[in-house]
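# Coordinate analysis (summary)
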Amino acid sequence: MIDVIDLKKNYGQLEVLKGITTTIKEGEKVAIIGPSGSGKSTFLRCLNCMEDPSSGSIIFQGVDIADMRVNINIHRRHMGMVFQQFNLFNNKTVIGNIMLAPVHIALQDLSMKKIKNFFIRIGNVFLKNKKPLYEINTNKAKIIEEARENAMRLLKRIGLEDKADVYPSTLSGGQKQRIAIIRALAMNPKVMLFDEPTSALDPEMVGEVLDLIKQLADEGMTMVIVTHEMGFAREVATRVLFMDEGRIVEENTPEEIFFRPQNPRTQEFLSKVL
């Protein structure tokens, strides 16, 4: 699904990523672990092109999205991103946050559909007695209605449908992060990227967020998760990457990484955190 080839990221003279090469297959759950400052979050942000790579390639569904000539917004629709600090809009209600991106994109597409309908009508004039082409039947009101129905369905999934019309400032940290996750899901992404999704939460709220991520994993969602939760990585991941100083030092199954690490740096790190 995603092929990363010799990915590098510099900030001036500072090399943050020093040639990352890996493949994320459809259905995989890839956990990225490592010390602070090792480049984990930068790598994740490069995958979504929130950071422009300095060099290298990121092939997503056959397209190099690291190529500046590519319209990244089209491909970013298929990547859900969940941040440490939730990034909810405090001036919008919960349901407004969830509906925002789907409605915005659907309205952008609506103008193209109107153009297509124009040519369909012209085509039907020339078809005469043949089977007619059917116009694309949608409008702004229908788009908003469908987005609201989908948002409510997602809120019911996490038991927060009663919070639809409240503002994020009234929610707990765990509730905010679960809303952030289903906001990403509202776009029907093909892959979910999580940047330390529990690091800003009180310990008692961590479990409810991890449970939702586990549910998505069990349903087959492709995931890349930067995390400090070693137990979670061991339980959920199908593959673990250990990063240090801008490089993937070791990658393997959770069983091998956590119980039989081969690289001395991996061994040293795990001895301190487990």
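As shown above, the structure is provided for reference.
Calculation criteria
- Residues numbered from 1 in each chain as written.
- Predicted model: local features only at pLDDT ≥ 70, side-chain atom pairs only at ≥ 80, totals over all residues.
- Heavy atoms only, no water.
- Helix = DSSP H or I, 4+ residues; strand = E, 2+ residues; numbered from the N terminus.
- Buried < 20%, exposed > 50% of the residue type's maximum accessible area, 1.4 Å probe, protein only.
- Contact = heavy atoms within 4.5 Å.
- Phe/Tyr/Trp six-rings, centres within 6.5 Å; stacked < 30°, edge-to-face > 60°.
- Lys NZ or Arg CZ within 6 Å of the ring centre and 35° of its normal.
- Pairing = 2+ DSSP bridges.
- Axes fitted to C-alpha atoms, helices over the stretch in contact; angles between N-to-C directions.

This brings us to the environment of Phe43. Mapping Phe43 onto the fold places it in helix H1 (residues 40–47). Residue Phe43 is classed as buried on the basis of its relative accessible area of 0%. Spatially, the C-alpha atom of Phe43 lies 9.1 Å from that of Pro53, the residues being 10 residues apart in sequence. In contact with Phe43, other than residues within four places in its own chain, are Val4, Leu7, Leu17, Ile20, Thr22, Ile32, Leu241 and Met243.

Within this structure, the stated rule accounts for one aromatic pair. The interplanar angle of 40° and the centroid separation of 5.2 Å between the aromatic rings of Phe242 and Phe269 together place this pair among those described as tilted. Taken together, the residues span a long stretch of sequence, with Phe242 in strand S9 (residues 239–244) and Phe269 in helix H9 (residues 264–273) at a distance of 27 residues. With relative accessibility at 0%, the residue Phe242 sits in the buried group. The exposure class of Phe269 is buried, given its relative accessible area of 7%. Above the plane of the ring of Tyr11 lies Lys9, whose end atom (NZ or CZ) is 4.9 Å from the centre. The aromatic ring of Phe258 is capped on one face by Arg234, whose charged end is 5.5 Å from the ring centroid.

By the element assignment, Ser55 lies in strand S4 (residues 55–60). A relative accessible area of 33% means that Ser55 is categorised as partly exposed. Considering only alpha carbons, one finds Ser55 and Lys18, 37 residues apart in sequence, at a separation of 9.8 Å. Apart from residues no more than four positions distant in its own chain, Ser55 is found in contact with Asp6, Leu7 and Lys8.

Consider a sheet: its strands pair through backbone hydrogen bonds, and that pairing is either parallel or antiparallel. Strands sit in the order S6-S7-S8-S3-S9-S10 across an open sheet of six strands; the sheet is mixed. The strands lining the two open edges of the sheet, one partner per strand, are strand S6 (79–82) and strand S10 (247–252). Each neighbouring strand pair of the sheet contributes to a mean axis angle of 15°, computed without reference to strand direction. Both strand S3 (residues 29–33) and strand S8 (residues 222–226) contribute to a ladder of four bridges, which runs parallel. The residue of S8 that forms the bridge with Ile32 is Val226. Lying on the sheet, helix H5 (residues 173–185) is in contact with S6 and strand S7 (191–195); it crosses S6 at an angle near 170°.

Non-glycine residue Glu196 carries a positive phi angle of around 45°. Its location among the elements puts Glu196 in the loop between S7 and helix H6 (203–218). One non-glycine residue with positive phi stands out, namely Glu245, at about 50°. Within the fold, Glu245 resides in the loop between S9 and S10. The class for Glu245 is exposed, based on a relative accessible area of 54%.

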